[in-house]
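The lines below spell out each chain.
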Amino acid sequence: MARLFGTDGVRGVANEGLDAELALGLSMAAAHVLGDAGGFGGRRPVAVVGRDPRASGEFLEAAVIAGLAGSGVDVLRVGVLPTPAVAYLTGALGADFGVMLSASHNAMPDNGIKFLARGGHKLDDAVEDAIEADYHRARDGVSPARPRPTGAGVGRVHEYTEGFDKYVAHLVAVLPNRLDGVKVVIDGAHGAAAKVAIEAFARAGAEVVFTLGDEPTGLNINDGVGSTHLDGLKQAMREHKADLGIALDGDADRCLAADADGEEVDGDQIIAILALAMREAGTLRRNTAVGTVMSNLGFKLAMEREGIGLVQTAVGDRYVLEAMKEHGYALGGEQSGHVILLDHATTGDGTLTGLMLGARLAATRKPLAELAAVMTRLPQLLINVKGVDKDRVNDCAELAAAVKEAEEELGGTGRVLLRPSGTEPLVRVMVEAADQAQARAVAERLAGVVREQLAS
């Protein structure tokens, strides 16, 4: 049986793979498992529940809340807020756990359920496995039915309307300096931070000169906007000649940027900029940043040149976060724009990342292009191969032979990385080379082998 939990919660097409029954059952299982593990300390538990604006989030939120309240959990419903806001509020309000309904950067038909532990931290794999096992046992009727609370024992549902202001105030309070004089363009992806980001930048002193992706309808999230569709942001930056452009994704746990000329500034460059700023401020603990195996080789070379350590993990912000927590690092993230500032957030926070970039611009009075030039990106091509059996990536001898041949061709000037997506049904083929033409040729050849050998 395929595992329900991926690298970032449970995801699927809403009302198909991810329906109300699954949302209800997983929420009940989460309440049971976390309670049995002593997570509630004998107290009546409280959970924070939020969502992004997807239309399906409305019925899935109702199912999650029904499962929690039916299990004796009091619910603080915060409404449409970013994932990092739900994580922050879970900790700030002293809740026992949190639940976020979102499929992040995925298209509107998808949705997802993410559980957060006390303090707003992601659950360990072992806890997710226990929740999944409890859900299957209850669904299949192989374990005794748990007694359900009645009367005054059922959970109560409260609207927590102060979440927006509390979260924005937190974002502004942790900045090292104000953003006065910085002109900003914001692409909110028609997502959970479409209003939050605009308000946060304005309160921090920035001049928001143009916005896009700021009118969520429930049907248009990530549709041609946001961190996976940067053309609109790039064009707006060229037209308005702003200092900083930021693009969030649907749940605003990631951020990509653009400079005044409309050139992309990716997650690796953002981390490099912030690493130098934090070292200068004395907050880059252990003088080390954390990236992943997908980090551009140019990022690694830049950190070496600047005398900053770099730890690389498996792909996925959860693995970056695990390394940061285990070893006490303060900064980490991914090329895709997940940036974790562990002193101020328990997960990637796109709005906070954008604000910190703005603060660096304001403090140095240097253009973003100059700050981003701390590293030179080597040509890197990523091809997503759909319609294949991603679980066979590491077991296919023909594919392994093709990868070995490609690595020998690239020599010491590049590298190859094949990996199954943790959130989507596809295989990612990444090739880094000395020039774009070689990267494309090798990547396309490997993608062909993946399609042929892993056809489902």
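Residues numbered from 1 in each chain as written. Predicted model: local features only at pLDDT ≥ 70, side-chain atom pairs only at ≥ 80, totals over all residues. Heavy atoms only, no water.

### A word on the environment of I246
Among the structural elements, I246 can be located in strand β11 (residues 244-248). For I246, a relative accessible area of 0% puts it in the buried group. The spatial distance from the C-alpha of I246 to the C-alpha of M356 is 11 Å, given a sequence separation of 110 residues. In contact with I246, other than residues within four places in its own chain, are V185, I186, D187, F201, L233, C255, L256, A257 and G354. (Helix = DSSP H or I, 4+ residues; strand = E, 2+ residues; numbered from the N terminus. Buried < 20%, exposed > 50% of the residue type's maximum accessible area, 1.4 Å probe, protein only. Contact = heavy atoms within 4.5 Å.)

### Let's talk about the side chain of T292
Secondary-structure assignment places T292 in strand β14 (residues 288-292). In this structure T292 comes out as buried when scored by relative accessible area, which is 0%. Engagement of the side chain of T292 in a polar contact is seen with the backbone nitrogen of M294, the distance being 3.0 Å. Residues in contact with T292, not counting those within four places in the same chain, are Q312, T313, A314, V315, G316, V320, G333 and E334. (Polar contact = N/O pair within 3.5 Å; in protein donor to acceptor, adjacent residues only side chain to side chain.)

### Focus on the packing of helix α6 (residues 196-203) against helix α11 (residues 350-364)
Where α6 contacts α11, the axes come no closer than 10 Å and their chain directions differ by 30°. The angle between α6 and α11 falls in the class roughly parallel. Classified by chirality, the crossing of α11 by α6 is right-handed. Contacts between α6 and α11 involve A197, A200 and F201 from the former and T351, G354 and L355 from the latter. Its residues assigned to classes, the contact of α6 with α11 shows four nonpolar, two polar and no charged. (Axes fitted to C-alpha atoms, helices over the stretch in contact; angles between N-to-C directions. Parallel < 35°, antiparallel > 145°, perpendicular 65-115°, else oblique. Left-handed = near helix turned anticlockwise from the far one by under 90°. Nonpolar A, V, L, I, M, F, W, Y, C, P; charged D, E, K, R; others polar.)

### Quick word on helix α2 (residues 56-69)
The first and last C-alpha atoms of α2 sit 20 Å apart over 14 residues, in line with the 20 Å expected at 1.5 Å per residue. Taken together, the buried positions of α2 are occupied by S56, G57, L60, E61, A63, V64, I65, G67, L68 and A69. On the buried face of α2, the contacting elements are α1 (20-36), β3 (46-51), β4 (74-80), β5 (97-101), β6 (110-117) and β8 (157-159). (Expected span 1.5 Å × (residues − 1).)

### Comments concerning the pattern of salt bridges
Summed over all chains, the structure comprises 30 salt bridges. Between R3 and E128 there is a salt bridge, with its nearest N and O atoms 3.4 Å apart. With R3 in the segment before β1 (5-6) and E128 in helix α4 (residues 125-140), the pair connects residues that are 125 residues apart, well separated along the chain. Look at E128 and you get buried, because its relative accessible area is 5%. Of the charged contacts, one joins D249 and R254 as a salt bridge, the two residues approaching to 3.5 Å between their closest N and O atoms. Here the residues in one salt-bridge network are R3, D125, E128, D129 and R318, joined through shared partners. (Salt bridge = Lys/Arg side-chain N within 4 Å of Asp/Glu carboxyl O.)

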